[in-house]
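Residues per chain, in single letters:
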Amino acid sequence: MSRAQQLAHQGLLLTHPNPRVGCVITDTAGQAVMAEGHTQQAGGPHAEVMALRDAAARGVDVRGATAWVTLEPCSHHGRTPPCCDALVAAGIGKVVVATLDPNPLVAGRGVQRLREAGIAVEVLPPGDELARSVRELNIGFFSRMVRRVPWVRMKMAASLDGITALPNGASQWITGEAARADGHAWRARACAVLTGIGTVREDDPMLDVRALAVPRQPHLVIVDSRLQTLPSARLWDTPAGGLPRKIIIYHALPPEQAAGPGAALLERGATLVALPGPHGKVDLAAMLRDLAAREVNELHLEAGHQLNGSFLREGLVDEVLLYQAPLLLGTGAGLSSLGPLQSLAQGTPLHYQAVDRVGDDLRIVARVAGRDGFLDAPTPG
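Since the model is a prediction, treat every value here as computed from it, not as a measurement.

Chemist: Give a description of the overall build of the protein that names residues and reports values.
Modeler: Along the backbone of the protein there are 11 helices and 14 strands. For 381 residues, the compact-globule estimate of 2.2 N^0.38 gives 21 Å, and the protein sits close to it at 23 Å. Principal axes of the C-alpha set define a box for the protein whose edges measure 70 × 45 × 40 Å. Taking all 381 residues of the protein together, the buried fraction comes to 50%. A gap of 2 Å separates the mean positions of the 36 positive and 37 negative side-chain charges of the protein.

Structure representation (structure tokens):
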């Protein structure tokens, strides 16, 4: 199962919106590896089918063999046929599953289907360390299936005293090259990158993945209440070596006001979604539900302190990814416009996941306390 989990990691940048899954086929004793595989891009074969194809390419007979799969084999027709059927047709004798699939279309039905076909099935206990690591690897997929919202990761870069930009707006570059490349790797694993119209207008960013080769670019999501995104902005440029990405703009305008500015954005290929909330702003909570319906698992938030503050005030951030440079800047823009608060108890409690050195900078990953509890809850079915 450890090897299957290693294979699942190979799908980290690949499988969106499907989960990252690995499969190893061994002899009946669970010792000799006969074949292996991991899930491919959406619409491509899943881990079990890849392992069976690997066995066929090696000329290996898998009848009676044991398949070790990090996530319960699917039992429904989605973009591909059910993996359960492929395992049954191949004559697999036993399947060991690290964790059940939270997808309501599966959720135990895969295990049931295999057992009904006469295949012995073993599921690791929910508290097993490997089972937990499988869910952790697929935290966005589990979030979307269980909570019906993406896993929201807020990325920031700041000086040691928490300044993200000087009073004149200068911010490039506070952190070093290694930290910036690492930030691109975190972008790459997300289904979508989200920013606000302030960042779009002030920085004219592309917000694509450039520091490493990727099989796909994450979608780009813009919170733009009054549809002020310019059709000439750099974000419309196709990333080098990549395919055109989906750009979704959420706004708060009524149809008659959106028609004018929206026409040029629609011509550029944008998807426009009206989700008006209080005070003429976008309803951010409704936006997250809509993004989940659009199969966004992990949402990478790279915005300014105003939108960061809005996400924090509404309790919509799950995880903070913070790069801190060994630099003191004194005054300037902070990490977020969360305050002013009246008491310490009003702050957002976090717990550290990891603190690492990246080049000359620190990378801090911290989670909102208790927000990942769904990973430990019993899976439906």
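Chemist: Pulling in residues and values, what's your account of the nonpolar core?
Modeler: If you look at soluble globular proteins, the nonpolar side chains tend to sit buried side by side. L194, Y250, M287, L288, L291 and F311 are the most contacted members of the largest nonpolar core, which has 34 residues in total. It is helix 10 (residues 284–293) that provides the largest number of residues to this core, a total of five residues. Excluding its chain neighbours within four sequence positions, the residues that come into contact with F311 are V152, L194, L284, M287, L288, L301, L316 and V317. With 31 residues, the next largest nonpolar core counts I25, V62, L87 and V121 among its residues.

Chemist: Kindly report on the sheet that holds strand 3 (residues 66–71), identifying the contributing residues and their values.
Modeler: With mixed pairing, the five strands of this open sheet are ordered in space as 2-1-3-4-5. Either end of the sheet is taken by a strand with one partner, and the two such strands are strand 2 (33–38) and strand 5 (120–123). Within the sheet, the average angular offset between the axes of one strand and its neighbour, ignoring direction, is 15°. By the bridge criterion, five bridges tie strand 1 (residues 22–26) to strand 2 in an arrangement that is antiparallel. Directly across from V24, in strand 2, lies its bridge partner E36. Lying over the sheet, helix 1 (residues 2–9) contacts strand 1, strand 2 and strand 3, oriented at roughly 145° with respect to strand 1.

Chemist: Residues and numbers for the packing of aromatic side chains, please.
Modeler: A complete count under the given rule lists two aromatic pairs for this structure. Relative to F142, the ring of F141 has its centre 6.3 Å away and its plane inclined at 80°; by these criteria the two rings are edge-to-face. On the basis of relative accessible area, F141 is assigned to the buried category, the value being 5%. On the basis of relative accessibility, which here comes to 3%, the residue F142 falls in the buried class.

Chemist: Report on the packing of helix 2 (residues 47–58) against helix 3 (residues 83–90), specifying residues and quantitative values.
Modeler: Helix 3 packs onto helix 2 with a crossing angle of 30° between their chain directions and a minimal axis gap of 9 Å. Considered as vectors, helix 2 and helix 3 are oriented roughly parallel to each other. Crossing angle aside, the handedness with which helix 2 passes helix 3 is left-handed. Contacts between helix 2 and helix 3 pair E48, V49 and L52 from the former with C83, A86, L87 and A90 from the latter. The residue makeup of the contact of helix 2 with helix 3, split by class, is six nonpolar, no polar and one charged.

Chemist: Please set out the pairing of strand 4 (residues 94–99) residue by residue, giving values where relevant.
Modeler: Counting buried positions along strand 4 yields five of six residues, so the element is predominantly enclosed. In the sheet, strand 3 pairs with strand 4 via five bridges, with the strands oriented parallel. Paired with A67 across the bridge in strand 4 is V95. Here strand 4 pairs with strand 5 via four bridges, running parallel. Note that in strand 5 the partner of K94 across the bridge is A120.

Chemist: An account of unusual backbone geometry is needed here, citing residue identities and associated values.
Modeler: As a rule of thumb, non-glycine residues mostly have phi less than zero, and peptide bonds are mostly trans rather than cis. Cis geometry marks the peptide bond from H16 to P17; its omega dihedral reads 0°. One can find P17 in the loop between helix 1 and strand 1. A positive phi angle, close to 55°, is found at L207, a residue other than glycine. As for its placement among the helices and strands, L207 is situated in the loop between helix 8 (197–203) and strand 8 (219–223). Overall, L207 belongs to the buried group, its relative accessible area being 6%.

Chemist: Which residues make up the state of the cysteines, and what values go with them?
Modeler: Evaluated as defined, the whole model comprises zero disulfides. With no disulfide of its own, C23 has C83 as its nearest cysteine by sulfur position, at a separation of 8.8 Å. Among the residues examined, C23 registers a relative accessible area of 0% and is labelled buried. Of all cysteine sulfurs in the structure, the one in C74 sits closest to C84, which takes part in no disulfide; the separation is 6.6 Å.

Conventions used here
- Residues numbered from 1 in each chain as written.
- Predicted model: local features only at pLDDT ≥ 70, side-chain atom pairs only at ≥ 80, totals over all residues.
- Heavy atoms only, no water.
- Helix = DSSP H or I, 4+ residues; strand = E, 2+ residues; numbered from the N terminus.
- Rg over C-alpha atoms; globule rule 2.2 N^0.38 Å.
- Buried < 20%, exposed > 50% of the residue type's maximum accessible area, 1.4 Å probe, protein only.
- Lys, Arg positive; Asp, Glu negative; His and termini not counted.
- Charge placed at Lys NZ, Arg CZ, Asp CG, Glu CD.
- Core = buried A, V, L, I, M, F, W, Y, C linked by side-chain atoms within 4.5 Å.
- Contact = heavy atoms within 4.5 Å.
- Pairing = 2+ DSSP bridges.
- Axes fitted to C-alpha atoms, helices over the stretch in contact; angles between N-to-C directions.
- Phe/Tyr/Trp six-rings, centres within 6.5 Å; stacked < 30°, edge-to-face > 60°.
- Parallel < 35°, antiparallel > 145°, perpendicular 65-115°, else oblique.
- Left-handed = near helix turned anticlockwise from the far one by under 90°.
- Nonpolar A, V, L, I, M, F, W, Y, C, P; charged D, E, K, R; others polar.
- Disulfide = S-S within 2.5 Å.

Keep in mind that these numbers describe shape and distance, not what the molecule does.
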